[in-house]
Structures are given as structure tokens and as C-alpha cells.
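Tertiary structure, described
Here is what each chain is made of, one letter per residue.
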Amino acid sequence: MTLEEGRRVRLAEDLGIGEAVAGEPGAVVGFLALAAGTEGIVERVDGELPQRAEVREYQRLKALFEDYGHTMPVASRERLEAQLAELEPEWTAYLEQGQRVTVRVRLDNGFVLDGAHQDVLTAL
């Protein structure tokens, strides 16, 4: 899902935010949570990092290999396989890192949820 500023969203699951304290310092009196279904508006989208050139090249070559590799001359196919093998570590690192997209959402109840992972929200 692609989130954009100004788009309405809904929490897809309950979010535990932290302990509520009152009175004496450190006296925990409860746990603060936001219920699934709470709606709000995306104020900012963070964390979208552009793919490195090596990752884009790996994707391009992999698609070429999958679509046309069986029709290529042996030498061309072997060269393409070697290029893919060379770029494989970059691709693996990219997958392990993941594409973390976070958002700042102003919820209808007045709370502001900042740094929330996009996977806990659904677009309306």
C-alpha cells in the first residue's frame, strides 16, 4: 500500500503505546493503547529510501533473465548469470534491510502517532 500525505487511514490492529504513570515518579497506573479502527489523516511519510543503482540493475537483469534467458545463446546467458551472481549480495542486503516506510498520523481523537510502520494502517 502506498500512503500519501492527506490520505485518511485506519489502524488495522490495536497498538500498545506504553505505560501511563501518575502520582509518584515511576508509579504505573495503566497501559495506554489505541484501538483498531481508529481513523486519522497522514501528515507525513518518512523512510522511503531510493533503491541503490546495484539493486535496480539486479532487478532489471533478473527480469531479463527470467523472460528471455531460455532463448539466449549460451555465452550470453552465462555472462548474464555471472552479472546476476555479482549483484546477488547487494540484492540480499536490500531484502534483509527491508523497505521501512513510517508515517506520522494525526488521529481523529487528537493523538498524533509518529514513526508508525505503514503495515499497521489501512487506507480508506
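None of these values were measured; they are calculated from a predicted model. In this convention, every chain numbers its residues from 1, walking through the sequence in written order. Only residues with pLDDT of 70 or above have their local features reported here, since the model is predicted, and side-chain atom pairs are shown and tallied only from 80 upward, although totals for entire chains, interfaces and linings are computed over all residues. Side-chain descriptors were evaluated using all non-hydrogen atoms of the structure, hydrogens and water having been removed beforehand.

1. Digging into the packing of aromatic side chains
Planes of paired rings set the category: under 30 degrees apart is stacked, over 60 is edge-to-face and the rest tilted, where pairs are Phe, Tyr or Trp rings (Trp by its six-membered ring) whose centres lie within 6.5 Å. For the coordinates displayed, the defined rule picks out two aromatic pairs. Each residue in the set Tyr-58, Trp-91 and Tyr-94 is aromatic and connected to the rest through ring pairs, giving one cluster.

2. Focus: the pairing of strand S2 (residues 15-21)
Pairing of S2 with strand S3 (residues 28-34), which is carried by six bridges, proceeds in the antiparallel orientation. Its bridge partner lying in S3, Gly-18 is registered against Leu-32. Being paired, for any two strands, means DSSP has found at least two bridges between them. Numbering of helices and strands runs from the N terminus, with a helix taken as a DSSP run of H or I at least four residues long and a strand as a DSSP run of E at least two residues long.

3. A look at the environment of Leu-3
Mapped onto the secondary structure, Leu-3 falls in the segment before strand S1 (8-11). With 115 residues separating them in the primary sequence, Leu-3 and Gln-118 have C-alpha atoms 7.6 Å apart. Contacts of Leu-3, omitting those with residues within four sequence positions, involve Val-9, Val-45, Val-103, Gln-118 and Leu-121. Here a residue-residue contact requires only that any non-hydrogen atoms of the pair lie within 4.5 Å.

4. Here's the deal with the confidence of the model for the chain
Here the chain averages 87 in pLDDT, and 94% of its residues register 70 or above. Within the chain, the lowest mean pLDDT, 78, falls on S2, and the highest, 94, falls on S1. In predicted models, pLDDT denotes the confidence assigned by the predictor to each residue on a 0 to 100 scale.

5. Overview of the pattern of salt bridges
For this analysis, a salt bridge means a side-chain nitrogen from Lys or Arg found within 4 Å of a carboxyl oxygen belonging to Asp or Glu. Here the structure, examined in full by the defined rule, presents eleven salt bridges. Among the salt bridges present, the one from Glu-43 reaches Arg-106, with a minimum N-O distance of 2.5 Å. Here Glu-43, found in strand S4 (residues 39-46), pairs with Arg-106, found in strand S5 (residues 102-107); they are 63 residues apart in sequence, far enough to count as distant. Given the relative accessible area of 29%, Glu-43 is considered partly exposed. Taking the relative accessible area as the measure of exposure, Arg-106 reaches 39% and is therefore partly exposed. Among the salt bridges present, the one from Arg-60 reaches Glu-57, with a minimum N-O distance of 2.8 Å. Taken together, the residues span about one helical turn, with Arg-60 and Glu-57 both in helix H1 (residues 53-68) at a distance of three residues. For each residue, the accessible area found with a 1.4 Å probe, counting protein chains only, is set against the maximum for its type, and the residue is called buried under 20%, exposed over 50%, and partly exposed in between. The exposure class of Glu-57 is partly exposed, given its relative accessible area of 28%.

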